[in-house]
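Overview (structure and organization)
Residue strings, one per chain:
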Amino acid sequence: MSKFIPLSVPNLRGNEAAYVNHAIQSEWVSTGGAYIEEFEQKIAEYVKAPGAVACQSGTAGIHLALIAGGVKADEEVLVPALTFIASVNPIKYVGAEPVFMDCDDTLCMDMDKVEQFCETECSMSDEGLINRRTGRRVSAMIVVHIFGNLANMEKAVSLAEKYHLFLIEDACEALGSYYTKGCFSGRHAGTIGDIGVYSFNGNKIITTGGGGMIVSNCMDCLKQTKYLSTQAKDDTLYFVHNQIGYNYRMTNLQAALGLAQLEQLEPFIKIKEENYQAYLEHQIPLLPFREDIRSNRWFYSYMTDKRDILIQELNKRQIQSRPIWHLISDLPPYRSCQAYQIERSTYYWEHIVNLPCSTNLTKEDVASVAKAVHEILK
Ligand SMILES: *Cc1c(COP(=O)(O)O)cnc(C)c1O
């Protein structure tokens, strides 16, 4: 029986047990406790943001970001068709509608097509950008930094300004990715738009079991999202709540885990880079990341026109792989939503297979995955 090689699993071999134990011994296990603020501060420092708000999940973070952006029921939000479902569901939580956009060859939202959509399908009015087909206002845009790559933020920012769109960065997969060239050189994924959100789900580059973090340069947005994430409590003694809040605060246990993980983020990225290179050396031409960034190389993508055969055959050899996400615009809750010229997303959906990329992956593991891929596709 050959060794099982998982796609992407956590790596908890640092101070995780020590910090979590400390949290347990202190009996601060819930939504209060020193680790939460320390984790917020350390993430903010790491990505060079003025502040951060820890929450229960990336999904919760995106939900709060939409509320902070003032996105209302019956408005529309531009979002990629090729992304994880959690980029899109929060749009429905606030009663708004997604409009699905295509991707470019970075797999992130194609900003040229977004521009084309705004120019040819919409009109500017006093209320903002109006989608002529539906008559609804387009009030926000969620760009997703797919697999640790970065979207074209220079263009995203200029379109957001021009068309008065609140710009949310779904940076759930891109903690540690930043521009190294151009006007945003040195700026981290998540810190360029109005609000950015990271996820610490189990398969992300660092994990808290489940968790998320909101960052922003807008202090009001940080204040508001923290307030809403803690039940919108205005008076802690008399339980006065002046708005409808959410129970979205991260717990001290999660933050303890997160702090230990954050200590290892740079070493994890180094391993991701080395394993990425190792695949290339074994003649597995993974999709490249942008050249003007330092990417965290969270997930590796391999293109093949034998997607399903490859996944099945790898599985028989104890190697876990998967297709990229089903296009959201083809899923039952979203089939009736507008999708604007998403041909390239369809092409990538049909061809991408994600290969094992855990930070526990050894050079021998990479060699056996590569060997298996060559055997199956020969
Ligand atoms: C993981 C992920 C999310 C959601 O994060 P959770 O913490 O699992 O809620 C959102 N968007 C993308 C692109 C993700 O990969």
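Residues numbered from 1 in each chain as written. Predicted model: local features only at pLDDT ≥ 70, side-chain atom pairs only at ≥ 80, totals over all residues. Heavy atoms only, no water.

1. As for the packing of aromatic side chains
Tallied over the full model, the rule gives 14 aromatic pairs. Geometrically, the ring pair formed by Phe 100 and Tyr 334 is edge-to-face, given 6.0 Å between the ring centres and 85 degrees between the ring planes. Placement of the pair is Phe 100 in strand E3 (residues 97–101) and Tyr 334 in the loop between strand E15 (322–323) and helix H11 (343–351), with a sequence separation of 234 residues. The pair Phe 100 / Tyr 334 is uniform in exposure class, with both members buried. With a centroid separation of 5.7 Å and 70 degrees between ring planes, the pair formed by Tyr 347 and Tyr 348 is classed as edge-to-face. Note on Tyr 348: relative accessible area 6%, which makes it buried. Taken together, the ring pairs connect Phe 147, Trp 298, Phe 299 and Trp 325 into an aromatic cluster. The ring of Tyr 276 carries Arg 297 above its face, with NZ or CZ at 4.4 Å from the centroid. Above the plane of the ring of Trp 349 lies Arg 307, whose end atom (NZ or CZ) is 4.2 Å from the centre. (Phe/Tyr/Trp six-rings, centres within 6.5 Å; stacked < 30°, edge-to-face > 60°. Helix = DSSP H or I, 4+ residues; strand = E, 2+ residues; numbered from the N terminus. Buried < 20%, exposed > 50% of the residue type's maximum accessible area, 1.4 Å probe, protein only. Lys NZ or Arg CZ within 6 Å of the ring centre and 35° of its normal.)

2. Topic: a nonpolar patch on the surface
Among the surface-exposed residues, Leu 237, Tyr 238 and Val 240 lie close enough to one another that they form a single nonpolar patch of about 350 Å² accessible area. Here Val 240 lies in strand E12 (residues 240–241). (Patch = residues over 30% accessible without salt bridge, like charges linked within 9 Å, V, L, I, M, F, W, Y side chains within 5 Å. Areas by Shrake-Rupley, 256 points an atom, 1.4 Å probe, with all protein chains shown as cover. Salt bridge = Lys/Arg side-chain N within 4 Å of Asp/Glu carboxyl O.)

3. Digging into the nonpolar core
Core analysis: the biggest nonpolar cluster contains 134 residues, and Leu 78, Leu 175 and Leu 355 have the highest contact counts within it. For this core, the element with the highest residue contribution is helix H2 (residues 34–47), accounting for seven residues. Looking at which domains feed residues into this core, each of domain 1 (16–262) and domain 2 (265–377) supplies at least three. In this structure, Leu 355 is in contact with Leu 7, Tyr 279, Ile 284, Leu 286, Tyr 300, Tyr 302, Leu 314, Ser 321, Val 369 and Val 373, ignoring residues within four places of it in sequence. (Core = buried A, V, L, I, M, F, W, Y, C linked by side-chain atoms within 4.5 Å. Domains from an automatic or database assignment. Contact = heavy atoms within 4.5 Å.)

4. Quick notes on helix H3 (residues 58–68)
Judged by how many residues are buried, H3 sits mostly within the fold: nine of 11 residues are covered. All buried positions along H3 are accounted for by Gly 58, Ala 60, Gly 61, Ile 62, His 63, Leu 64, Ala 65, Leu 66 and Ala 68. Two residues or fewer past H3, Gly 70 is found with a positive phi of approximately 75 degrees.

5. Brief notes about the pairing of strand E4 (residues 122–125)
With four bridges connecting them, E4 and strand E5 (residues 128–131) associate as antiparallel partners. Following the sheet pairing, Ser 123 is matched in E5 by Ile 130. Here E4 hands over to E5 after two residues, the two strands then running antiparallel side by side. (Pairing = 2+ DSSP bridges.)

6. So, the environment of Glu 119
Locating Glu 119 in the fold gives a position in helix H5 (residues 111–121). Beyond its immediate chain neighbours, meaning those up to four positions away, Glu 119 contacts Lys 162 and Tyr 163.

7. Let's talk about helix H6 (residues 153–162)
What H6 keeps buried is the set Met 153, Lys 155, Ala 156, Val 157, Leu 159 and Ala 160. Structurally, H6 contributes buried residues whose contacts are with H5, strand E6 (137–144), strand E7 (166–170) and strand E8 (178–179). Between the side-chain oxygen of the N-cap and the backbone nitrogen of Glu 154 there are 3.4 Å, and the N-cap of H6 in question is Asn 152. Directly beyond the C-terminal end of H6, a positive phi value near 55 degrees is found at His 164. (Polar contact = N/O pair within 3.5 Å; in protein donor to acceptor, adjacent residues only side chain to side chain.)

8. Brief notes about the site of the ligand
Taken together, 15 residues lie near the ligand, and Thr 59, Asp 170, Glu 173, Ser 199 and Lys 204 sit nearest. Thr 59 is positioned with one of its side-chain polar atoms (N or O) 2.4 Å from an oxygen atom of the ligand. At a separation of 2.7 Å, a nitrogen atom of the ligand approaches a polar side-chain atom of Asp 170. Protein burial of the ligand: of its 380 Å² of free accessible surface, 94% is covered by the chains. The cavity that encloses the ligand is the largest pocket. When its residues are assigned to classes, the shell around the ligand shows four nonpolar, eight polar and three charged. (Near = heavy atom within 4 Å. 1 Å grid on protein atoms, 1.4 Å probe; cavity = no way out; pocket = protein on both sides within 12 Å on 5 of 7 lines; lining within 4 Å. Sits in = over half its atoms within 2 Å of the grid points. Nonpolar A, V, L, I, M, F, W, Y, C, P; charged D, E, K, R; others polar.)

9. Section: the domain arrangement of the protein
Here the domain parsing of the protein yields domain 1 (16–262) and domain 2 (265–377). Once you take the C-alpha centre of each, domain 1 and domain 2 turn out to be 24 Å apart. In this complex, domain 1 contributes 51 residues to the contact, which on the side of domain 2 involves 42 residues. For the pair domain 1 and domain 2, the interface holds three salt bridges. Residue Glu 343 pairs with Lys 113 through a salt bridge whose shortest N-O separation is 3.0 Å. Across the domain 1-domain 2 interface, the total number found is 27 residue pairs in polar contact (both at pLDDT 80 or more).

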